[in-house]
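# Coordinate inspection notes
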Amino acid sequence: MDADMRNGKKDDHSRPADMDDRTVEALGELSKALETIHRVRGHLYSAHQLVGGADLTLDRVVKLLREAGHDEMADRVERDLLGRNVLPGRWTFQIVEEFDDGYYAAFQEIERDAREKLAGGRRHIFEAEMKERRRTHGMPGHEATP
């Protein structure tokens, strides 16, 4: 038993006794894939905000074009760009909502279900074992747990 367990700290990242290396690796890869999808979601929100900001900027574009006497071009920007769907029938908020409610929700649920069924709900077992292999025991800044 290591010092952290003797001190009463619970290690939620330990491998269940009957878990094999392939299962640990598979759950680690599934977790890594989910982390990538979290990043994708962030990029979608960035796109949502950037497109929204650009659309709001078009109000000023239309105003400036009109002030410069370019009514035909102002009309075109106003008619063809201002408030336009970025995909058929969708503004970016709708794309984000569909992603969140569909693919993102399914990915999270499947990853959680796999952890519950295969690892007793424990997260990051692969990473915890890597940390244990890579840390220098007894050195400050290399403690097993907080």
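Being a predicted model, the structure only gives us computed values, none of them experimental.

Quick notes on the rules
- Residues numbered from 1 in each chain as written.
- Predicted model: local features only at pLDDT ≥ 70, side-chain atom pairs only at ≥ 80, totals over all residues.
- Heavy atoms only, no water.
- Helix = DSSP H or I, 4+ residues; strand = E, 2+ residues; numbered from the N terminus.
- Rg over C-alpha atoms; globule rule 2.2 N^0.38 Å.
- Patch = residues over 30% accessible without salt bridge, like charges linked within 9 Å, V, L, I, M, F, W, Y side chains within 5 Å.
- Areas by Shrake-Rupley, 256 points an atom, 1.4 Å probe, with all protein chains shown as cover.
- Salt bridge = Lys/Arg side-chain N within 4 Å of Asp/Glu carboxyl O.
- Axes fitted to C-alpha atoms, helices over the stretch in contact; angles between N-to-C directions.
- Parallel < 35°, antiparallel > 145°, perpendicular 65-115°, else oblique.
- Left-handed = near helix turned anticlockwise from the far one by under 90°.
- Nonpolar A, V, L, I, M, F, W, Y, C, P; charged D, E, K, R; others polar.
- Buried < 20%, exposed > 50% of the residue type's maximum accessible area, 1.4 Å probe, protein only.
- Polar contact = N/O pair within 3.5 Å; in protein donor to acceptor, adjacent residues only side chain to side chain.
- Expected span 1.5 Å × (residues − 1).
- Contact = heavy atoms within 4.5 Å.

## Some points on the overall build of the protein chain
- A count of helices and strands for the protein chain gives five helices and zero strands.
- The N-to-C order of helical and strand elements in the protein chain reads α-α-α-α-α.
- Here the protein chain has a C-alpha radius of gyration of 25 Å; the compact-globule value for 146 residues is 15 Å, and the former is much larger.
- Along the three orthogonal principal directions, the C-alpha set of the protein chain runs to about 80 × 35 × 25 Å.

## Concerning a nonpolar patch on the surface
- Residues V51, V86 and L87 make up a contiguous nonpolar surface patch of roughly 220 Å² in combined accessible area.
- Mapped onto the elements, L87 comes out in the loop between α3 (71-80) and α4 (92-119).

## Quick word on the packing of helix α2 (residues 21-67) against α4
- One can describe the packing of α2 onto α4 by two numbers: an axis separation of 10 Å at closest approach and a directional angle of 165°. For the element pair α2 / α4, the angle class is roughly antiparallel. Seen along the crossing, α2 lies across α4 with a hand that is left-handed.
- Of the residues assigned to the contact of α2 with α4, the class counts are 19 nonpolar, six polar and four charged.

## A look at the side chain of R135
- Structurally, the position occupied by R135 is in the segment after α5 (125-134).
- Here R135 falls in the buried class, since its relative accessible area comes to 14%.
- A distance of 2.9 Å separates polar atoms of two side chains, one belonging to R135 and the other to E132.

## Notes on α2
- With 47 residues, α2 should cover 69 Å at 1.5 Å per step; its first-to-last C-alpha distance of 69 Å lies within 8% of that length.
- Regarding α2, its N-cap is D20, as a side-chain oxygen of that residue lies 3.0 Å from the backbone nitrogen of R22 further along.
- Note on α2: the residue one or two positions beyond its end, G69, has a positive phi of about 85°.

## Let's talk about the environment of E98
- Tracing the backbone through its elements, the reader meets E98 in helix α4.
- Of note is the side chain of E98, whose polar atom sits 2.7 Å from the side chain of R90.

## Here we look at the environment of E129
- Summarising the element assignment, E129 is placed in helix α5.
- The residues touching E129, leaving out its near neighbours within four places in the chain, are R15 and V24.

## With respect to the pattern of salt bridges
- All chains considered together, the criterion is met by 14 salt bridges.
- In this structure, R15 engages D21 in a salt bridge whose closest nitrogen and oxygen atoms are separated by 2.7 Å.
- Residue class for R15 comes out partly exposed when judged on its relative accessible area of 28%.
- Under the relative-accessibility criterion, D21 is labelled exposed at 56%.
- The partner of R76 in a salt bridge is D80, and the shortest N-O contact between them spans 3.4 Å.

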